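Breakdown of the fold
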Amino acid sequence: MSEAAELLEARINELRAAVRRAVSAGDRLAARQLRNELRAVETEWDEAVLGPGEAPTPDPNVPVREHVHRALTLLGAPSAPKLVMQVHTAFFSGDLAPARLTSLRRDEERSFRAAPFARPYYICAALTTDLLAPARGLLALSSWTLPQRMIGPLSPRVNLLTSAIRLADHVRGQPGISPDGIRLMWRLANSIPGVTGTPDSIDAEDVKTAAQRELAVHEEDDAFQRQQAATRAAQQLDQPAQLFGTRLSLAATRKEMG
């Protein structure tokens, strides 16, 4: 199976376990929500393994958070809502309107504070390495490590290269990728030195090779900065703040105290 299909299979196993836990705890509402998410991921697995023509009709009741989750999982890095929308449109099925993303992170934070860790994952914030505050306009996954959700000076470039590599792998592993998918890969990759081709003829293997070459230049320094900030965040912030950030004034005060 392709890497994307393997990721989806792992997600299916996680959701099945979460459904069982919710049922055992008597939380029927959570069990239903998780079951809806499970159906959506199973649909994506069918498409990844059997091809779009063999997949069942998408469930119109799939929560917006599940659409965002699978797009971020494919990208593998904190991303702007616009890119999340583009990935969803190019590679996945189901309805996802831009307006539905506006309050998503706020709703996720409210849900977490009401019942911490009741869900297998949350759509959360990326945090800046200097102030430990929410990085403006970026969505992340709570299942990612704290360093992965940090944003330092080099991180935007590293994240772009990481996402370009993951999209290239996805394109290479999926027969019959739509033209929208190829063009989206080109948009991410056209600033990478060594990448050639047009939006309709770009080669996924070339994209991956060029992105890996540049990533090797920045990755170590970026990882060090992220790890330093993550260590500070783990010491200074409670769990909700580690996922959703804190006010700038409070973060700055904690930074000075640290």
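Structure: above.
Structural notes, computed from the coordinates. Everything quoted here is computed from the prediction, not taken from an experiment.

**Here's the deal with the environment of T209**
Inspection of the secondary structure assignment puts T209 in helix α8 (residues 204-236). Spatially, the C-alpha atoms of T209 and A168 are 9.6 Å apart, while their sequence positions differ by 41 residues.

**Notes on the packing of helix α6 (residues 155-173) against α8**
It is at 8 Å that the axes of α6 and α8 come closest, and there the two elements cross at 145°. Pair α6 / α8 crosses with left-handed handedness. Facing S155, R157, V158, N159, L161, T162, A164, I165, A168, D169, V171 and R172 of α6, the residues of α8 in contact are A204, E205, V207, K208, A211, Q212, E214, L215, H218, D222 and R226. Residues of the contact of α6 with α8, tallied by class, amount to ten nonpolar, five polar and eight charged.

**Digging into the pairing of strand β2 (residues 134-141)**
Regular strands place their side chains on alternate faces of the sheet. Relative to β2, strand β1 (residues 123-128) is paired through four bridges, and the arrangement is antiparallel. Residue pairing across strands places I123 opposite L141, the latter belonging to β2. Linking β1 to β2, which pair antiparallel, is a turn of five residues; within it L132 sits at a positive phi near 55°.

**Thoughts on the environment of A90**
Along the chain, the position of A90 falls in helix α4 (residues 81-91). Of the residues examined, A90 reaches a relative accessible area of 10% and is grouped as buried. For the pair A90 and A71, spaced 19 residues apart in sequence, the C-alpha to C-alpha distance is 9.9 Å. In this structure, A90 is in contact with S178, D180, G181 and L184, ignoring residues within four places of it in sequence.

**Comments concerning the packing of aromatic side chains**
Inspection of every chain in the model, using the stated rule, returns three aromatic pairs. Judged by centre distance (4.9 Å) and plane angle (80°), the ring pair of F112 and F117 falls under edge-to-face. Taking the relative accessible area as the measure of exposure, F112 reaches 1% and is therefore buried. Ring centres 5.2 Å apart and planes at 85° place the aromatic pair F112 and Y122 in the edge-to-face group.

**Notes on helix α5 (residues 104-114)**
For α5, the full list of buried residues reads L104, E108 and F112. End-on, the buried residues of α5 take up no more than an arc of 70°, which puts them together on one face. Contacts made by the buried residues of α5 are with α3 (64-75), β1 and α9 (239-244).

**Overview of the pairing of β1**
Most of β1 is tucked away, with six of its six residues classed as buried. In this sheet, strand β3 (residues 150-151) lies alongside β1 in parallel orientation, the contact comprising two bridges. Bridging across to β3, T128 finds its partner in I151.

**A few points about the side chain of K208**
Of note, K208 is situated in helix α8. Here the side chain of K208 touches D169 through a polar contact of 2.9 Å, side chain to side chain. Here K208 is in contact with I165, A168, D169 and R172, once residues within four sequence places are set aside.

The rules behind each value
- Residues numbered from 1 in each chain as written.
- Predicted model: local features only at pLDDT ≥ 70, side-chain atom pairs only at ≥ 80, totals over all residues.
- Heavy atoms only, no water.
- Helix = DSSP H or I, 4+ residues; strand = E, 2+ residues; numbered from the N terminus.
- Axes fitted to C-alpha atoms, helices over the stretch in contact; angles between N-to-C directions.
- Left-handed = near helix turned anticlockwise from the far one by under 90°.
- Contact = heavy atoms within 4.5 Å.
- Nonpolar A, V, L, I, M, F, W, Y, C, P; charged D, E, K, R; others polar.
- Pairing = 2+ DSSP bridges.
- Buried < 20%, exposed > 50% of the residue type's maximum accessible area, 1.4 Å probe, protein only.
- Phe/Tyr/Trp six-rings, centres within 6.5 Å; stacked < 30°, edge-to-face > 60°.
- Arc of directions from axis to C-beta.
- Polar contact = N/O pair within 3.5 Å; in protein donor to acceptor, adjacent residues only side chain to side chain.

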